[in-house]
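What the coordinates show
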Amino acid sequence: MPEKSPYFINKERAFRDIKRGQIITLQHKEVFEPVLSVIQSTKKTTIFFKVPDDFLKNNVIIGDEIQCQVFIENYEYVLKGIIKNIKFEKIPLMEFMVENADKYINQRKSKRY
């Protein structure tokens, strides 16, 4: 587990750094490997991202708990929460309501491939 940042972060503070277009790693208990998606927008403590195909194939539904990671510069944000809504429009979007946010210092010496 990465070293915890020396300062406290609440979920509202995390949303100052999380922006549209960033890559988000998603983990769900029914999906074997973590999957990637792109953040479409944020609102208060909610993230909207494209629905991954693996989530559709494995019947991920509203109310399910997921964990997400977002890497920004020298930090890793670990977000835990629930799927609040799924919208099937031009771009299928999943609405993720963050209940807990942690910020860690990314001490990786080299890039992961």
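Relevant structure appears above.
Overview of the structure. (Residues numbered from 1 in each chain as written. Predicted model: local features only at pLDDT ≥ 70, side-chain atom pairs only at ≥ 80, totals over all residues. Heavy atoms only, no water.)

**Details of the pattern of salt bridges**
Here is the rule: The term salt bridge refers to a pairing of a side-chain nitrogen on Lys or Arg with a carboxyl oxygen on Asp or Glu at a separation within 4 Å. Secondary structure elements are defined from DSSP: runs of H or I of at least 4 residues count as helices, runs of E of at least 2 residues count as strands, and each element is numbered from the N terminus.
This model, assessed by the stated rule, comprises one salt bridge. The salt bridge involving K84 is made with E95; its shortest N-O contact spans 4.0 Å. Here K84 is found in strand β5 (residues 75-87), whereas its partner E95 is found in strand β6 (residues 93-105), with 11 residues between them in sequence.

**Some thoughts on the sheet that holds strand β3 (residues 46-50)**
The line we're drawing: Strand pairing follows a simple DSSP-based rule, namely that at least 2 bridges must link the two strands. Axes, fitted as lines to C-alpha atoms, cover a helix only where it is in contact. Angles between the N-to-C directions of the axes lie from 0 to 180 degrees.
Reading around the barrel, the six strands line up as β1-β2-β3-β6-β5-β4 and close back on themselves, with antiparallel pairing between neighbours. Strand after strand, the sheet turns through a mean of 45° between neighbouring axes, direction not considered. Of the pairings in the sheet, the one linking strand β1 (residues 23-27) to strand β2 (residues 35-43) comprises four bridges and is antiparallel in character. Bridged to I23 within β2 is V38.

**Here we look at the pairing of strand β4 (residues 65-72)**
Sheet analysis places β1 next to β4, joined by three bridges and oriented antiparallel. Pairing of Q27 across the sheet is with Q67, part of β4. Where β4 lies against β5, eight bridges are found, and the strand directions are antiparallel. The partner of I72 across the bridge, within β5, is Y75.

**Quick look at the side chain of Q22**
Condition: Buried means the residue's accessible area, taken with a 1.4 Å probe over protein chains only, is under 20% of the maximum for its type, while exposed means over 50%, and partly exposed covers the values in between. For this analysis, a polar contact is any N or O atom pair within 3.5 Å, provided that within protein one partner can donate a hydrogen and the other can accept it, and provided that sequence-adjacent residues contribute only side-chain to side-chain pairs. Throughout, a contact is declared for two residues whenever any of their heavy atoms are within 4.5 Å.
Inspection of the secondary structure puts Q22 in the loop between α1 (11-17) and β1. Assessed through its relative accessible area of 19%, Q22 is described here as buried. Within the local environment of Q22, its side chain forms a polar contact with the backbone nitrogen of K19, the two atoms lying 2.7 Å apart. Those residues in contact with Q22, other than ones at most four positions away along the chain, are D17, S37, V38, I39, V70 and I72.

**Digging into the nonpolar core**
Here is the rule: To qualify as a nonpolar core, a set must consist of buried Ala, Val, Leu, Ile, Met, Phe, Trp, Tyr and Cys residues joined through side-chain atoms within 4.5 Å.
Counting residues in each nonpolar core, the largest one holds 25 residues, and the members touching the most others are I47, F55 and L79. Where this core is concerned, the elements lending two or more residues are α1, β1, β2, β3, β4, β5 and β6. Beyond its immediate stretch of four places on either side in the chain, I47 contacts F15, I18, I24, I39, S41, T42, L79, M94, E95, F96 and V98.

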